[in-house]
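# Fold and contact review
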Amino acid sequence: QVQLVESGGGLVQAGGSLRLSCATSGRTYSSYAMGWFRQTPGKEREFVAGIVRSGGTTYYADSLKGRFTISRDNAKNTVYLQMNSLKPDDTAVYYCAADTNSNKLRIGRPGSWGQGTQVTVSS
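We now turn to the structure provided with this report. This is a predicted model, so every value here is computed, not measured.

What follows deals with the overall build of the chain. Assigned secondary structure in the chain consists of 1 helix and 11 strands. Starting at the N terminus and walking to the C terminus, you meet the elements of the chain as β-β-β-β-β-β-β-β-β-α-β-β. For the chain, whose C-alpha radius of gyration is 13 Å, the value lies close to the compact-globule estimate of 14 Å for 123 residues. Projected onto the principal axes, the alpha-carbon positions of the chain cover approximately 40 × 30 × 25 Å. Counting over 123 residues, the chain shows a buried share of 45%. Sequence separation of at least 24 residues holds for 57% of the intrachain contacts in the chain that already meet a minimum separation of 6. By element, 44% of the accessible surface of the chain is carried by carbon and sulfur atoms, the whole surface being about 6300 Å².

Encoded structure:
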């Protein structure tokens with residue numbers, strides 16, 4: 001497993017932008033596929049975006065394509081989620097996730113989770 005620490009959440013008005021960061025510990029960061037999920041009270045955690053180990057391939061929840069962008073900097077052991085044109089429906093706790101197997105991210109079963117960061121979008 002790898003330790004994950006998210007940051008960058010906060011309160012933003014609808015139409016605004018935020019960039020979330022997820023810093024990881026360990027020397028094997030580049031061995032992990034990374035992803036972002038989100039969860040609102042009473043709902044299951046849902047997949048947002050994922051990125052393979054090399055950063056060469058990214059994938060998104062269909063409903064978020066075009067507004068959210070995932071990227072990673074393997075030199076800094078950090079993955080990012082750039083969120084643009086935010087809507088009140090994007091309000092959630094956002095979680096960073098990691099697994100050496102990207103398929104586990106796709107099915108929502110990664111081996112490591114961060115503690116989450118709150119994103120609140122006001123109307």
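Looking now at the layout of surface pockets. Space inside the largest pocket adds up to approximately 150 Å³. In terms of lining, the largest pocket is formed by Arg 38, Gln 39, Thr 40, Lys 43, Glu 44, Glu 46, Asp 89, Thr 91 and Ala 92. Here the residues of the lining of the largest pocket sort into 1 nonpolar, 3 polar and 5 charged.

Read across the open sheet, the 4 strands follow the order S1-S3-S8-S7; overall the sheet is antiparallel. One side of each edge strand has no neighbouring strand; the edge strands of this open sheet are strand S1 (4-7) and strand S7 (68-73). Each strand axis lies, on average, 15 degrees off the axis of its neighbour in the sheet, ignoring direction. With 6 bridges joining them, strand S3 (residues 18-24) and strand S8 (residues 78-83) adopt antiparallel strand pairing. Within the sheet, the bridge partner assigned to Cys 22 lies in S8 and is Val 79.

On to the pattern of salt bridges. Considering all chains together, one arrives at 4 salt bridges under this definition. Glu 46 is the partner of Arg 38 in a salt bridge, and the nearest nitrogen-oxygen pair spans 2.6 Å. The exposure class assigned to Arg 38 is buried, which follows from its relative accessible area of 8%. Judged by relative accessible area, which is 37%, Glu 46 ranks as partly exposed. Among the salt bridges present, the one from Arg 67 reaches Asp 90, with a minimum N-O distance of 2.8 Å. Of this pair, Arg 67 sits in the loop between strand S6 (58-60) and S7 while Asp 90 sits in the loop between S8 and strand S9 (92-99), placing them 23 residues apart in sequence. Both residues of the pair, Arg 67 and Asp 90, count as buried.

The next thing to look at is unusual backbone geometry. In the Ramachandran plot, Asn 77 falls in the positive-phi region, its phi being about 55 degrees despite a non-glycine side chain. The phi angle at Ser 85 is positive, at roughly 50 degrees, despite the residue not being glycine. Here Ser 85 shows up in the loop between S8 and S9.

Procedures and definitions
- Residues numbered from 1 in each chain as written.
- Predicted model: local features only at pLDDT ≥ 70, side-chain atom pairs only at ≥ 80, totals over all residues.
- Heavy atoms only, no water.
- Helix = DSSP H or I, 4+ residues; strand = E, 2+ residues; numbered from the N terminus.
- Rg over C-alpha atoms; globule rule 2.2 N^0.38 Å.
- Buried < 20%, exposed > 50% of the residue type's maximum accessible area, 1.4 Å probe, protein only.
- Contact = heavy atoms within 4.5 Å.
- Areas by Shrake-Rupley, 256 points an atom, 1.4 Å probe, with all protein chains shown as cover.
- 1 Å grid on protein atoms, 1.4 Å probe; cavity = no way out; pocket = protein on both sides within 12 Å on 5 of 7 lines; lining within 4 Å.
- Points joined across faces, edges and corners; volume = space filled by probe spheres on them.
- Nonpolar A, V, L, I, M, F, W, Y, C, P; charged D, E, K, R; others polar.
- Pairing = 2+ DSSP bridges.
- Axes fitted to C-alpha atoms, helices over the stretch in contact; angles between N-to-C directions.
- Salt bridge = Lys/Arg side-chain N within 4 Å of Asp/Glu carboxyl O.

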